[in-house]
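Here is what each chain is made of, one letter per residue.
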Amino acid sequence: MNSQAPVMNGQQTPAVGQPYTRNEAACHDLSFRIRDLNLWYGKNQALNNLNIDLFQKNVTALIGPSGCGKSTFLRCLNRMNDLIPSVRVEGLVEMDGLDVNAPKMDEVALRRRVGMVFQKPNPFPKSIFENIAYAPRMHDLVSRKAEQEELVEKALRDAGLWNEVKDKLHEPGTSLSGGQQQRLCIARAIAVQPDVILMDEPTSALDPISTATIEDLMDKLKEKFTIITVTHNMQQAARVADYTAFFHLGKSLSTTTLK
Ligand SMILES: Nc1ncnc2c1ncn2[C@@H]1O[C@H](COP(=O)(O)OP(=O)(O)O)[C@@H](O)[C@H]1O
Ligand SMILES: [Mg+2]
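Residues numbered from 1 in each chain as written. Chains lettered and ligands numbered in written order. Predicted model: local features only at pLDDT ≥ 70, side-chain atom pairs only at ≥ 80, totals over all residues.

Trainee: Which residues make up the overall build of the protein, and what are the values?
Mentor: A tally of regular secondary structure across the protein gives eight helices and 12 strands. Looking at the 259 residues of the protein, the share that counts as buried comes to 39%. Of all intrachain contacts in the protein linking residues separated by at least 6 positions in sequence, the fraction that spans at least 24 positions is 72%. (Helix = DSSP H or I, 4+ residues; strand = E, 2+ residues; numbered from the N terminus. Buried ≥ 20, exposed ≤ 12 C-beta atoms within 10 Å, placed from the backbone. Contact = placed C-beta atoms within 7 Å.)

Trainee: So what's going on with the packing of helix α3 (residues 128–138) against helix α4 (residues 145–158)? Residues and values would help.
Mentor: Helix-helix packing is described using two parameters, namely the angle between the two axes and the distance between the axes. Contact geometry of α3 with α4 gives a least axis separation of 9 Å together with a crossing angle of 115°. When the axes of α3 and α4 are compared, the crossing they make is right-handed. Contact residues: α3 offers Phe-129, Ile-132, Ala-133, Pro-136 and Arg-137, while α4 offers Gln-148, Leu-151, Val-152, Ala-155 and Leu-156. For the contact of α3 with α4, the per-class residue count stands at eight nonpolar, one polar and one charged. (Axes fitted to C-alpha atoms, helices over the stretch in contact; angles between N-to-C directions. Left-handed = near helix turned anticlockwise from the far one by under 90°. Nonpolar A, V, L, I, M, F, W, Y, C, P; charged D, E, K, R; others polar.)

Trainee: Any details on the pairing of strand β5 (residues 59–63)? Residues and values, ideally.
Mentor: The buried fraction of β5 amounts to five of the five residues, a majority that puts the element mostly inside the structure. Alternating positions in β5 separate into two faces, Val-59, Ala-61 and Ile-63 on one and Thr-60 and Leu-62 on the other, with burial throughout. Inspection of the sheet shows β5 paired to strand β10 (residues 226–231) by five bridges, in the parallel sense. Across the sheet, the residue bridging to Leu-62 is Val-230, located in β10. The pairing of β5 with strand β11 (residues 243–248) spans four bridges and is parallel. (Pairing = 2+ DSSP bridges.)

Shown next, in the form of structure tokens:
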């Protein structure tokens, strides 16, 4: 964020990470606190002194031109950048008061709490049922068949997909349409009971009707989850987001609400 706060709509925007306007009825407890975050790929700095607050049970949209570090930033929130060998991170990423980069942080547990949905729907090459039941079984959240069935139905209902797939749960996930596959991936993310769902341009490979369905879904999901989504589209940010962070050249310029 610039030390000189930008002026929007004739009003001075507030200090770092503070909302521009707030709906007092909404939840504004912190989920993530990001302070002085820098990230390098080898010698190239991709994130430059980011300071952002992300609030629980809200939708925060990250917006900005291609290559400005939005995906890199998302991956800092569940340590997916650890999988890239050249990455070096400095600064604080705190979730619910805990330092995400602390050596004692359990990365597997962190990624269960902070799920991710990607731009291109990527169901496993398994049945619709298994796409959802697999991870909860691995995490020992369910074992008996009846428990699995209950969880699969709940996740599919929460993702707004149950009615479309309830009669074909054992068909491959990849047999669904693109928009349905993306909702299947959202159901898969929900099934391990995360706190936060990261979405990296979740609608940019979808048609306008599937996009509208996912946007409506985000509005429902924020009752239970904190949602952080990347979008290229100002209109989408205005439609779905409670907060919007503007990125440019690896910096976050301001955090505001577009509503
Ligand atoms: N795996 C990687 N290795 C090296 N450089 C990367 C990698 N991923 C992204 N970058 C670089 O980091 C910068 C930010 O990229 P990215 O986070 O993908 O931006 P955005 O999601 O905003 O388009 C770009 O300059 C990009 O080339
Ligand atoms: Mg990206």
